[in-house]
Amino acid sequence: MPAKLVLISHHLCPYVQRVAIALAEKGMEFERINIDLSNKPDWFHELSPLGKTPVLTVDGRPIFESAVILEYLEEIGPEPLHPDSALERAEHRGWMEFGSAVLNDIAGLYSAATAEAFEAKRQALGAKFARIEARLGEGELFDRRGFSLVDAVFAPVFRYFDVLDRTGDFAGIGALPRLDRWRRALAARPSVLGAVAADYPERLTEFLRARPSYLAGLMA
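For every chain, the first residue of the written sequence is number 1, and numbering continues from 1 along that sequence. pLDDT decides what is reported in this predicted model: residues at 70 or higher carry local features, side-chain atom pairs at 80 or more are listed and counted, and totals for whole chains, interfaces and linings draw on all residues regardless. The side-chain figures draw on all heavy atoms in the structure; neither hydrogens nor water molecules are used.

In the nomenclature of an unreviewed UniProt entry, the chain corresponds to glutathione transferase from the organism Albidovulum salinarum. As its UniProt record puts it under Catalytic activity (unreviewed entry), the chain is described as follows: "RX + glutathione = an S-substituted glutathione + a halide anion + H(+)". UniProt positions are given in the numbering used here, feature names are shortened, and annotations may be inferred rather than shown by experiment.

Assignment of secondary structure puts Asp 180 in helix α7 (residues 177-187). Between buried and exposed lies partly exposed: a residue is buried under 20% and exposed over 50% of the maximum accessible area for its type, with that area taken using a 1.4 Å probe on protein chains only. Among the residues examined, Asp 180 registers a relative accessible area of 15% and is labelled buried. Note on contacts: a residue pair is in contact if any heavy atoms of the two residues lie within 4.5 Å. Those residues in contact with Asp 180, other than ones at most four positions away along the chain, are Ile 173 and Gly 174. Working definition: helices are DSSP H or I runs of at least four residues, strands are E runs of at least two. Numbering for both runs from the N terminus.

The strand order β2-β1-β3-β4 describes an open sheet built from four strands, whose pairing is mixed. One side of each edge strand has no neighbouring strand; the edge strands of this open sheet are β2 (31-34) and β4 (61-64). Along the sheet, successive strands turn relative to each other by an average axial angle of 25°, direction set aside. Both strand β1 (residues 5-9) and strand β3 (residues 55-58) contribute to a ladder of four bridges, which runs antiparallel. Paired with Ile 8 across the bridge in β3 is Val 55. Against the sheet, helix α1 (residues 14-26) touches β1 and β2, its axis set at about 155° to β1. Between any two strands, at least two bridges found by DSSP are needed for them to pair. Note on geometry: axes are lines fitted to C-alpha atoms, helical ones only across the stretch in contact, with angles between N-to-C directions running from 0 to 180 degrees.

Relative to β2, β1 runs parallel, the two being bridged by four bridges. Within β2, the residue paired with Val 6 across the bridge is Glu 31. What joins β1 to β2 is α1, and the crossover it makes is right-handed. Call a crossover right-handed when, viewed with both strands pointing away from you, the route from the first strand across the helix to the second goes clockwise.

Here the UniProt-annotated "domain: GST C-terminal" (unreviewed entry) positions come out as residues 85-207. Taken end to end, residues 85-207 has its terminal C-alpha atoms 41 Å apart, with 70% of it in helix and 0% in strand.

The following block contains the structure:
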């Protein structure tokens, strides 16, 4: 009998999304429980030593940190999302870490208090996206052979810009044809669409506008 999988989640967390996407791509059934990270329930602190989402419980036993959860799913689940070659797996893991660095820059962008700090993060994002553009091939996904964990990591990255692009072109994705093609292909994928609720854009907009930041002023 398959283990019972429960994904402890937050509505906006991009790290939760990557796990939800991987589970969907593998066709693994799971329950999802959303919590309020500003008012974490006591039981969550017992599951997550770092106090962050996601946490995946496997028959009640918790696994925390998205990268660890993704590797666990690769070990026990069907439909591998890593390449067969050890060298290529290592390369993919490197780009997954790069995706986390992009998320850090996005957080810096929406948290920047001044125009100068905002511009520094905007340029940092543009440089990272240009680096990815140079790595991508002519296909719609990161790897020509099919969907991979790198795709699962970057889909939540691009989802931020579905909202941010309503205010301004802060990353220049439209000027990067391979990156733009990748973004659009991921956005149309059922696993990516299903990784968030229908009200995600409204929730993210509300979150961004409520911050004491330069971006909030632009969005007002």
